Amino acid sequence: MHILHSLSDLQSRCAHWRAESVITIGFVPTMGALHEGHMSLVHRAQRENTRCIVSIYVNPTQFNNPTDLASYPQKTEEDVRMLQAAGCDAVYFPQAAELYPQGMQAKQYDLGRLEELMEGGARPGHYQGVATVVESLLAHVQPAKAYFGLKDYQQVAVIRRMCTLLQLPVTIVACPTARAMSGLALSSRNALLSEAHGLAAPRIYQSLQWAALNRDGFPLSKLREAMLEKIQGTDGLLRVEYIAFGDPASLEPLDETCALPMNTPVQAFVVTQAGAARLIDNEAI
Ligand code: AMP
């Protein structure tokens, strides 16, 4: 596996590959501390392309909270070992100055309501930072396809919108959420969970599964109350920040006052603070 530490390393590696044969590059951008969720994207990129590149970069402009940035887990050596074992072709560690030639600042995109709804509202500036770094990474790597996880459902919508706005010649592939046996969505932030919080956290997915089975016949406001109770339980370990129900395409909130017509598509989103970790999850219900 090639370990690339600069844009010129990356460009000469890609030029080499292109000279050898016709290649398509599948790209998986990450912030490292890799787990099987990331690796599910890597495996898909490998299946669908002749070369797979993973980037690892903890992007400061998408953190609206300095403590969150400072505590973000980093495990570079382990990450490299995992990627090597998976047969990944290259890992790219971009230089900040090359990603942000105009200084460490997010650009401003017209993200519409995505910037106000749910994570847009909860983390001001977060999605501008995400769009900025992804635009820059796509310009560096120039992949045919780029892979993102639906665990970050709203992020996928932001990236699709940015690519449409800029008419970028890349296919965005959205991949299903990989979960632990307990149902907990895999996340680098799970490393921040205490044992007790780790045992309580699967209640988040359990509440989503319960909602999928019980959504008809209730107004969504009632469904939320029941989900809240299931997640919070009586031990006080999980603090729900919000539960939202959105249209799967626009993410706009759905009417919560009356029972939904059967077969109305609903995406349910849950954000919970579990000790030091802020956990996000979502499912179609
Ligand atoms: P991150 O390193 O957290 O920025 O994540 C890098 C990519 O991996 C993003 O597209 C995430 O949505 C995706 N990802 C993270 N966790 C999971 C998971 N449990 N299942 C699927 N994709 C994931």
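Residues numbered from 1 in each chain as written. Predicted model: local features only at pLDDT ≥ 70, side-chain atom pairs only at ≥ 80, totals over all residues. Heavy atoms only, no water.

Caption draft 1: Expanded view of the packing of aromatic side chains. Tallied over the full model, the rule gives 3 aromatic pairs. Summarising the aromatic geometry, the rings of F63 and Y72 are spaced 5.7 Å apart at their centres and angled 75° between planes, so their arrangement reads as edge-to-face. By relative accessible area, which is 10% here, F63 ends up buried. Ring centres of W210 and F218 lie 6.5 Å apart, and the angle between their planes is 35°; on these two criteria the pair is classed as tilted. Here F218 falls in the partly exposed class, since its relative accessible area comes to 33%. (Phe/Tyr/Trp six-rings, centres within 6.5 Å; stacked < 30°, edge-to-face > 60°. Buried < 20%, exposed > 50% of the residue type's maximum accessible area, 1.4 Å probe, protein only.)

Caption draft 2: Highlighting the sheet that holds strand 2 (residues 25–30). One open sheet accounts for 6 strands, arranged 1-4-3-2-5-6; its pairing is parallel. Each edge of the sheet is formed by a strand with only one pairing partner; in this case those strands are strand 1 (2–4) and strand 6 (171–175). On average, each strand axis in the sheet is tilted by 25° relative to the strand beside it, whichever way the strands run. One ladder, built from 3 bridges, connects strand 3 (residues 51–56) with strand 4 (residues 90–92); its direction is parallel. Paired with V54 across the strands is V91, a residue of strand 4. Its contacts with the sheet place helix 2 (residues 36–48) against strand 2, strand 3, strand 5 (145–149) and strand 6, and it is angled at close to 155° to strand 5. Sheet strands in contact with helix 7 (residues 126–141) are strand 2, strand 3, strand 4 and strand 5, and its direction is about 150° off that of strand 2. (Pairing = 2+ DSSP bridges. Helix = DSSP H or I, 4+ residues; strand = E, 2+ residues; numbered from the N terminus. Axes fitted to C-alpha atoms, helices over the stretch in contact; angles between N-to-C directions. Contact = heavy atoms within 4.5 Å.)

Caption draft 3: Structural context of the side chain of E119. When you line up the elements, E119 lands in helix 6 (residues 118–122). Polar contacts involving the side chain of E119 include one to the side chain of R278, which spans 2.8 Å. Once residues within four sequence positions are removed from consideration, E119 is found in contact with Y127, Q154, Y242, V271, R278 and I280. (Polar contact = N/O pair within 3.5 Å; in protein donor to acceptor, adjacent residues only side chain to side chain.)

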